[in-house]
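# Fold and contact review
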Amino acid sequence: MIKQIAVIGAGTMGHGVAHTFARHGYKVNLYDSFSASLESAPKKMKNELQFMVDEDYITCEEMERALNNIKLSGDLAESVQTADYVIEAIPERIDLKKELFASLDAYCPAHTVFASNTSSLKLGDIVADLPEERKKHCMISHWYNPAYLIPIVELSKFGNMDEDVFQDVYNLYVNSGKKPVCVCKDIPGMIANRLLHALAREAFHLVEIGAGSPEDIDNAMKFGPCFRSATTGILEVVDLGGVDIWLAGEDNILPALDNSDKACDMLRNLAKEGRMGVKNGKGFFEYPGDRAAEVQDAFFKRLVIQLKASAHY
């Protein structure tokens, strides 16, 4: 049974992963080799938990419990030596992840499960240099950002791990309020990101060919397919609409869809022009003054509403 957790990396994803586990009663060691990341993590975690309190999703007592269950450390060995489960959220570089897993192998007990939050690297490459017995305790556990608000966690189930070990991790996520998805093939992007990028490719294409403005294309998604998809999976939608109807639609529409095998020129040009989105105030849309902060705050509030609603299905 998993009781003690270590999270490696206190940055964009790691701090949210840490306080999610901690809020559900687990003891968590949060490690980062960069002192600045470690020093900023408590404020980030408290702000995110306070946001959840303000939105009536958790209580003040739950927030305090979460914060009390987290221990910060700049010592990797100390952070992981008693851990039952270690998840890394470090940069997407195979060399860094391989080096980290080798260190974990030296510091952790034999039963410790090693997990990577990667969405683009293959598990086999990350664990290639580990002993065969240790590979049986390694997996991908891919969270979505923001980690503390989006329920999905994709768990690799590639056949390298004993079923009882996998089930222990699966139960950990269920007990932490997550919706685990089992991914049975070691494929780039797992499942959720492949679906996301297939959708994004067509959205970018529609902007490029002038089929609609960015505003209208986003509204088409928000108040059409995404409105329905917030509660209903695509395969369930097919059953509800009729397999025969979807068959005819696929034959008619698929030949006209974009099938590019690389990022579109429009996206590449936006990046070259420095239009990076909310982070610098301009992307597909403009975010002058306080607009960026307002957009992000509104986004998080919508996610909390969806999180509350998702408890009913």
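Everything in this summary refers to the structure shown in the same document. Quantities reported herein were computed from a predicted structural model and do not represent experimental measurements. (Residues numbered from 1 in each chain as written. Predicted model: local features only at pLDDT ≥ 70, side-chain atom pairs only at ≥ 80, totals over all residues. Heavy atoms only, no water.)

## Thoughts on the overall build of the protein chain
A count of helical and extended segments in the protein chain gives 15 helices and eight strands. A globule of 313 residues ought to have a C-alpha radius of gyration of about 20 Å, and the protein chain, at 21 Å, matches this closely. Dimensions of the protein chain along its principal axes, counting C-alpha atoms only, are 55 × 45 × 45 Å. Buried residues in the protein chain amount to 39% of all 313 residues. Residue pairs in contact within the protein chain that sit at least 24 positions apart in sequence constitute 67% of those at least 6 positions apart. (Helix = DSSP H or I, 4+ residues; strand = E, 2+ residues; numbered from the N terminus. Rg over C-alpha atoms; globule rule 2.2 N^0.38 Å. Buried < 20%, exposed > 50% of the residue type's maximum accessible area, 1.4 Å probe, protein only. Contact = heavy atoms within 4.5 Å.)

## Thoughts on helix 5 (residues 94-107)
Taking 1.5 Å of rise per residue, 14 residues should cover 20 Å, and helix 5 covers 20 Å from first to last C-alpha, within 8% of that figure. Taken as a whole, helix 5 has its buried residues at Lys97, Leu100, Phe101 and Leu104. Taken down its axis, helix 5 places every buried residue within 100° of arc, on the same side. Summarising the geometry of helix 5, the exposed residues directed more than 90 degrees from the buried face are Glu99 and Ala106. (Expected span 1.5 Å × (residues − 1). Arc of directions from axis to C-beta.)

## What about the packing of aromatic side chains?
Tallied over the full model, the rule gives 11 aromatic pairs. Aromatic pair Phe21 and Tyr26: ring centres 6.3 Å apart, planes at 80°, arrangement edge-to-face. Judged by its relative accessible area of 0%, Phe21 falls in the buried class. Centroid distance Phe21 to Trp143: 5.4 Å. Interplanar angle 85°. Geometry classified as edge-to-face. In this pair, Phe21 sits in helix 1 (residues 14-23) while Trp143 sits in strand 6 (residues 138-143), placing the two residues 122 residues apart along the sequence. Taken together, the ring pairs in this structure connect Phe21, Tyr26, Tyr85, Trp143 and Tyr173 into an aromatic cluster. (Phe/Tyr/Trp six-rings, centres within 6.5 Å; stacked < 30°, edge-to-face > 60°.)

## Let's talk about the nonpolar core
Where a protein is soluble and globular, its nonpolar side chains tend to be buried together. Ile5, Phe21, Tyr85, Ile87, Met139, Trp143 and Tyr173 are the most contacted members of the largest nonpolar core, which has 47 residues in total. Looking at which element gives the most residues to this core, the answer is helix 2 (residues 35-54), with seven residues. Not counting residues within four places of it along the chain, the set of residues in contact with Met139 comprises Tyr85, Val113, Phe114, Ala115, Ser116, Leu123, Leu155, Ser156, Met161, Phe166 and Val169. Counting 21 residues, the second largest nonpolar core, distinct from the first, contains Val86, Phe114, Ile126 and Met190. (Core = buried A, V, L, I, M, F, W, Y, C linked by side-chain atoms within 4.5 Å.)

## Regarding the layout of surface pockets
A volume near 520 Å³ is recorded for the second largest pocket. As for the second largest pocket, its lining consists of 26 residues, and the residues nearest its centre are Ile8, Ser33, Ile90, Pro91 and Leu96. Per element, the largest residue contribution to the lining of the second largest pocket is five residues, and it comes from helix 5. Residues belonging to the lining of the second largest pocket are distributed by class as follows: 11 nonpolar, 11 polar and four charged. (1 Å grid on protein atoms, 1.4 Å probe; cavity = no way out; pocket = protein on both sides within 12 Å on 5 of 7 lines; lining within 4 Å. Points joined across faces, edges and corners; volume = space filled by probe spheres on them. Nonpolar A, V, L, I, M, F, W, Y, C, P; charged D, E, K, R; others polar.)

## Describing helix 1
Within helix 1, 10 of the 10 residues are buried, which leaves the element mostly enclosed by the surrounding structure. Buried within helix 1 are the following residues: Gly14, His15, Gly16, Val17, Ala18, His19, Thr20, Phe21, Ala22 and Arg23. Just downstream of helix 1 lies Gly25, where phi reads positive at about 100°.

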